[in-house]
There are 2 protein chains.
Amino acid sequence: MGNKVSITVIRRLPKYYRYLGELLNKGIARISSQELSTLTGFTASQIRQDLNNFGGFGQQGYGYNVSELYRELGKILGLDKVYNAVIAGAGNLGQAVANYRGFEDAGFKVLSLFDKNPKIIGLKIRDIEIRDVDLMENFIKENNVEIGIITTPKENAQDIANTYAKSGLRGIWNFAPADLKVPENIVVENVHLNESLFILSYFLKRNLGGNSH
Amino acid sequence: MGNKVSITVIRRLPKYYRYLGELLNKGIARISSQELSTLTGFTASQIRQDLNNFGGFGQQGYGYNVSELYRELGKILGLDKVYNAVIAGAGNLGQAVANYRGFEDAGFKVLSLFDKNPKIIGLKIRDIEIRDVDLMENFIKENNVEIGIITTPKENAQDIANTYAKSGLRGIWNFAPADLKVPENIVVENVHLNESLFILSYFLKRNLGGNSH
């Protein structure tokens, strides 16, 4: 089923998941698509359509069971599984990602950072060691690493992606402002910070307020 | 015109801008929509439609003048103007943003970081001082700051947004996983890292390769 659901729908799922988690924390047991609409800003009919893609979670006149929908969306998003990850580029951004609290909640475990700067090789971020990037390929193969994160400068990003591809990784979370070329079996999810910044600039120049999403 | 162009089109502009910058660096003077299509992955007709929203840059049989289109897109994106910015939250992520190279290229100048942790107040990131967050509102008013960046934990994000709103800021670049409530005249651009991570997880679980955008 995953193949057929459009990327636009899939990109809304994390937002549903986040709000459901907050409702769950507040002890709220059920919610209507209308109430979810108020929270998320999507229309009620869009929400019903989106969730129908993955089976009928809602019941007419009752709405959605919050904890059930939260759990099911978590499974759909693959958050019920633990993935080992490494980070290439142990500068500020790499360290921020290594320290990122949402990371382990999402089932990602960072086993090591890698860098080429001898001044920081051997240091630890939390309990995670920074190792020489020359050791990365073997480390990935030996430690069942499935996700590679790229927080290097743009100039090094494709080289790192090539090493990741050779080492048998399955997914890349890329923070470098570059479109990586990788074999078809590897998933790439980009966080293009400069593009986000340009969007902000666009709206500021036009004096348009409101949420830009 | 800005009002009428859809957000989907606007979100593609930074990608065009980035590729045109690379072509310019390589000394390439003109490019067809077909060649831009190969580079960006968008169809040639979509590219022509997108750019037509902002006036007819292309010429039949010639294509686009790279430096002209780059300059015009830069103006559309508001990159020809300098904005003063501050960062609330001077942990790893705030420091990474302060160090971020793409920032000044986009015309953003970080004047100060702010934090509540006395251990880091007074330190400098590059030449940018970390100040007490209690001084933030006045600093913004006195220094013509237009953009506020939020790199605090989620729990503090709304408070910071409230201070930003009171201080007369026009735009917020938000890295906290929270949907901020702000007055209508303020633009909010969110970078939701956990949502991006969930998308990666979704595709990994399904063993689907390829670029997830």
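Residues numbered from 1 in each chain as written. Chains lettered and ligands numbered in written order. Predicted model: local features only at pLDDT ≥ 70, side-chain atom pairs only at ≥ 80, totals over all residues. Heavy atoms only, no water.

## Observations regarding unusual backbone geometry
Here is step 1 of the chain: In this structure, N144 of chain A is a non-glycine residue whose phi angle is positive, near 55 degrees.
Here is step 2 of the chain: Structurally, N144 of chain A can be placed in the loop between α7 (136–142) and β7 (147–150).
Here is step 3 of the chain: With a phi close to 50 degrees, R126 of chain B is a non-glycine residue in the positive phi region.
Here is step 4 of the chain: Within the secondary structure, R126 of chain B sits in the loop between β5 (124–125) and β6 (128–132).
Here is step 5 of the chain: With relative accessibility at 45%, the residue R126 of chain B sits in the partly exposed group. (Helix = DSSP H or I, 4+ residues; strand = E, 2+ residues; numbered from the N terminus. Buried < 20%, exposed > 50% of the residue type's maximum accessible area, 1.4 Å probe, protein only.)

## Considerations on the UniProt feature "domain: CoA-binding" (unreviewed entry) in chain A
Here is step 1 of the chain: The UniProt entry lists residues 78–179 of chain A under the feature "domain: CoA-binding" (unreviewed entry), expressed in the numbering used here.
Here is step 2 of the chain: Within the segment residues 78–179 of chain A, helix and strand shares are 31% and 28% respectively, and the terminal C-alpha atoms sit 25 Å apart. (UniProt positions renumbered as here; feature names shortened; annotations may be inferred.)

## Some thoughts on the side chain of R18 of chain B
Here is step 1 of the chain: One can find R18 of chain B in helix α1 (residues 7–25).
Here is step 2 of the chain: Within the local environment of R18 of chain B, its side chain forms a polar contact with the side chain of D179 of chain A, the two groups lying 3.4 Å apart. (Polar contact = N/O pair within 3.5 Å; in protein donor to acceptor, adjacent residues only side chain to side chain.)

## As for the pairing of strand β7 (residues 147–150) of chain B
All names here are of chain B.
Here is step 1 of the chain: Neither face of β7 is exposed, since I147 and I149 on one face and G148 and I150 on the opposite face are all buried.
Here is step 2 of the chain: Here 4 bridges tie strand β3 (residues 83–88) to β7, and the two strands are oriented parallel to one another. Among the inter-strand pairings, V86 is bridged to a residue of β7, identified as G148.
Here is step 3 of the chain: Both β7 and strand β8 (residues 171–174) contribute to a ladder of 4 bridges, which runs parallel. Note on β8: the bridge partner recorded for I149 is W173.
Here is step 4 of the chain: In this fold, β7 hands off to helix α8 (residues 154–167), which returns the chain to β8; that crossover is right-handed. (Pairing = 2+ DSSP bridges. Right-handed = clockwise from strand over helix to strand, strands pointing away.)

## Focus: the interface of chain B and chain A
Here is step 1 of the chain: Each partner contributes residues to the interface: chain B has 74 residues there, and chain A has 74 residues.
Here is step 2 of the chain: Counting the contacts that link chain B with chain A gives 8 salt bridges.
Here is step 3 of the chain: For the salt bridge of D179 of chain B with R18 of chain A, the shortest nitrogen-to-oxygen distance reads 3.4 Å.
Here is step 4 of the chain: At the junction of chain B and chain A, the tally comes to 28 residue pairs in polar contact (both at pLDDT 80 or more).
Here is step 5 of the chain: Per element, the largest residue contribution to the side of chain B that touches chain A is 13 residues, and it comes from helix α9 (residues 193–205) of chain B. (Contact = heavy atoms within 4.5 Å. Salt bridge = Lys/Arg side-chain N within 4 Å of Asp/Glu carboxyl O.)

## A short note on the packing of aromatic side chains
Here is step 1 of the chain: Considering all chains together, one arrives at 14 aromatic pairs over all chains under this definition.
Here is step 2 of the chain: Geometrically, the ring pair formed by Y17 of chain A and F198 of chain B is edge-to-face, given 5.4 Å between the ring centres and 85 degrees between the ring planes. Taken together, the residues span two chains, with Y17 of chain A in helix α1 (residues 7–25) and F198 of chain B in helix α9. Across the pair, F198 of chain B and Y17 of chain A agree in class, each one buried.
Here is step 3 of the chain: Chaining the aromatic ring pairs together yields one cluster made of Y17 and Y70 of chain A together with F198 of chain B.
Here is step 4 of the chain: Directly above the aromatic system of F42 of chain A lies the positively charged group of R12 of chain A, at a separation of 5.7 Å from the ring centroid. (Phe/Tyr/Trp six-rings, centres within 6.5 Å; stacked < 30°, edge-to-face > 60°. Lys NZ or Arg CZ within 6 Å of the ring centre and 35° of its normal.)

## Notes on the relation of the copies chain B and chain A
Here is step 1 of the chain: Mapping chain B onto chain A leaves a residual RMSD of 0.0 Å; the transformation is a rotation of 180 degrees accompanied by 0.0 Å of translation along its axis. Expressed as a symmetry operation, the mapping of one chain copy onto the other fits a two-fold axis.
Here is step 2 of the chain: Comparing interface residues between copies, 99% of those in chain B also lie at the interface in chain A; the contact surface is shared. (Least-squares fit on C-alpha atoms with pLDDT ≥ 70 in both.)

## Comments concerning the environment of N117 of chain B
Residues and elements named next belong to chain B.
Here is step 1 of the chain: Looking at the secondary structure, you find N117 in the loop between β4 (108–115) and β5.
Here is step 2 of the chain: For N117, a relative accessible area of 30% gives the class partly exposed.
Here is step 3 of the chain: Between the C-alpha atoms of N117 and E189, which are 72 residues apart in sequence, the distance is 26 Å.

## Observations concerning the UniProt feature "binding site: NAD(+)" (unreviewed entry) in chain A
All names here are of chain A.
Here is step 1 of the chain: The feature "binding site: NAD(+)" (unreviewed entry), as annotated in UniProt, sits at G89, A90, G91, N92, L93 and G94 in this numbering.
Here is step 2 of the chain: Considering the arrangement of structural elements, one finds G89 in the loop between β3 (83–88) and α5 (92–98).
Here is step 3 of the chain: Setting aside chain neighbours within four positions, we find G89 in contact with G94, L113, F114, D115, T151 and T152.
Here is step 4 of the chain: In this structure, G94 sits in helix α5.
Here is step 5 of the chain: Apart from the residues within four sequence positions on either side, G94 is in contact with I87, G89, L113 and T151.

## Considerations on the pattern of salt bridges
Here is step 1 of the chain: With the rule as written, the count across this model stands at 24 salt bridges over all chains.
Here is step 2 of the chain: The shortest N-O distance in the salt bridge between D50 of chain B and R12 of chain B comes to 2.6 Å. Here the residue D50 of chain B occupies a position in helix α3 (residues 44–52), and R12 of chain B occupies one in helix α1, the gap between them amounting to 38 residues. For the pair D50 of chain B and R12 of chain B, a shared accessibility class is recorded, and that class is buried.
Here is step 3 of the chain: Across the pair E146 of chain B and K81 of chain B runs a salt bridge, and its minimum N-O distance is 3.1 Å. Of this pair, E146 of chain B sits in the loop between α7 (136–142) and β7 while K81 of chain B sits in the loop between α4 (66–76) and β3, placing them 65 residues apart in sequence.
Here is step 4 of the chain: Under the relative-accessibility criterion, E146 of chain B is labelled buried at 14%.
Here is step 5 of the chain: Given a relative accessible area of 34%, K81 of chain B falls into the partly exposed group.
Here is step 6 of the chain: Each of R18 of chain A together with D179 and E195 of chain B takes part in salt bridges that share partners, so that together they form one network.

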